[in-house]
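Chain by chain, the residues:
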Amino acid sequence: MHLRHGIFATLLIATLCPNLEFEARAETEPNAPVEQSSPDTDFRTGVGLAVGGISGIGIAFRGGFSENWGFRVAGIGWATGYTTYVNLGLTLLPTVWAWPTGRVYVPFGIGATYASGPGGYTYYDSSVGYSSLVFRSSSSLLATGTGIGFEFLTRTLFSSTTMRLGIALELPFVVMVSKISESKWSFSGAYPFPNVAVILYL
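Residues numbered from 1 in each chain as written. Predicted model: local features only at pLDDT ≥ 70, side-chain atom pairs only at ≥ 80, totals over all residues. Heavy atoms only, no water.

Novice: Help me get a handle on the overall build of the protein, residues and values and all.
Specialist: Broken down by element type, the protein carries one helix and ten strands. Shown N-terminal to C-terminal, the secondary structure of the protein runs as helices and strands in the order α-β-β-β-β-β-β-β-β-β-β. Burial analysis of the protein (202 residues in total) assigns 29% to the buried set. Contacts in the protein between residues at least 24 apart in sequence constitute 54% of all its contacts with a sequence separation of at least 6. Summing over all exposed atoms, the protein offers an accessible surface of approximately 13,400 Å²; the carbon and sulfur share of this is 67%. (Helix = DSSP H or I, 4+ residues; strand = E, 2+ residues; numbered from the N terminus. Buried < 20%, exposed > 50% of the residue type's maximum accessible area, 1.4 Å probe, protein only. Contact = heavy atoms within 4.5 Å. Areas by Shrake-Rupley, 256 points an atom, 1.4 Å probe, with all protein chains shown as cover.)

The structure is reproduced here in structure tokens:
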């Protein structure tokens, strides 16, 4: 009687063991791969503000061609009955070194400024006395350069963990030329001109 019970128990355990082993292996070795989140330093689409010689002044849009190549476009403009002002900038942002909360990159960009408004001067004529001449004057400025840039990513007050606030500080060496006539440009200077940008990555 005991021998029959022992044989039955042995057969039962031998039958259940493969199933138990498969279930344990399935729990410890899931088939679905674990999804890894991309690092914070990946270029993503963002909007913000920028100020600088080659970065442009005003509202900024930032995007990327790839993980290590990005760009930023910034500008502002307005026009009234008397004055017009336009400022635009395009900057390429190749990353040379990155870590989880920031990056080092080499900005290369070009900025342009156009302004026009009423001008004039007063002159003296012996026959008529003092007279004033009023006309519309304009000025154009181009700036280009490259240097070193640092961007630091911080968490925002938003609940979404995918949104980051990027603060960029750049120090390019800028060469500037200005338009002095319809077909003539003049060298205006060459010196370090810092850029600052604050971008909210979406």
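Novice: Could you give an account of the pattern of salt bridges, naming the residues involved and the relevant values?
Specialist: For the coordinates displayed, the defined rule picks out three salt bridges. One salt bridge in this structure joins Arg62 and Glu151, with 3.1 Å as the shortest N-O distance. A residue pair is termed long-range when its members are at least 10 positions apart, and Arg62 in strand S2 (residues 58-64) and Glu151 in strand S7 (residues 129-155) qualify at 89 residues. Taken individually, Arg62 and Glu151 each receive the classification buried, so the pair is uniform in this respect. (Salt bridge = Lys/Arg side-chain N within 4 Å of Asp/Glu carboxyl O.)

Novice: So what's going on with the packing of aromatic side chains? Residues and values would help.
Specialist: Summed over the entire model, instances satisfying the criterion amount to six aromatic pairs. Measuring from ring centre to ring centre gives 5.2 Å for Phe65 and Phe71, while their planes differ by 35°; the resulting arrangement is tilted. On the accessibility criterion, Phe65 (59% relative accessible area) is exposed. Overall, the relative accessible area of 17% leaves Phe71 in the buried class. Residue placement shows Arg62 over the ring face of Tyr105; its charged tip is 5.7 Å from the ring centre. (Phe/Tyr/Trp six-rings, centres within 6.5 Å; stacked < 30°, edge-to-face > 60°. Lys NZ or Arg CZ within 6 Å of the ring centre and 35° of its normal.)

Novice: Pulling in residues and values, what's your account of the environment of Val104?
Specialist: One can find Val104 in strand S5 (residues 102-105). Counting along the chain gives 47 residues from Val104 to Glu151, while the straight-line C-alpha distance between them is 6.6 Å.

Novice: Could you give me a rundown of the environment of Gly145, with the residues and numbers involved?
Specialist: Looking at where Gly145 falls in the secondary structure, it is placed in strand S7. Looking at Gly145, the relative accessible area reads 9%, which means it is buried. Considered as a pair, Gly145 and Val174 are 29 residues apart in the sequence and their alpha carbons are 4.3 Å apart. When residues no more than four places from it in sequence are discounted, the contact partners of Gly145 are Ile54, Pro107, Phe108, Gly109, Pro172, Phe173 and Val174.

Novice: Go over the nonpolar core, please, and point to the residues and values.
Specialist: Ranked by size, the top nonpolar core spans ten residues in total: Ala50, Ala60, Ala74, Leu93, Tyr105, Leu153, Ala168, Ala197, Ile199 and Tyr201. A total of three residues in this core trace back to one element, the largest contributor, which is strand S10 (residues 195-201). (Core = buried A, V, L, I, M, F, W, Y, C linked by side-chain atoms within 4.5 Å.)

Novice: Can you tell me about a nonpolar patch on the surface, naming the residues and giving the values?
Specialist: Taken together, the side chains of Ile148, Phe150, Phe152, Ile167, Leu169, Leu171, Val196 and Val198 present a nonpolar region at the surface, about 620 Å² in accessible area. Every element with two or more residues in the nonpolar patch is listed here: S7, strand S8 (164-179) and S10. One can find Leu171 in strand S8. (Patch = residues over 30% accessible without salt bridge, like charges linked within 9 Å, V, L, I, M, F, W, Y side chains within 5 Å.)

Novice: Talk me through the side chain of Glu151; I want residue IDs and the actual numbers.
Specialist: By relative accessible area, Glu151 is classed as buried at 0%. The contact partners of Glu151, leaving out residues within four places of it in the chain, are Arg62, Thr101, Gly102, Arg103, Tyr105, Gly166, Ile167, Ala168 and Tyr201.

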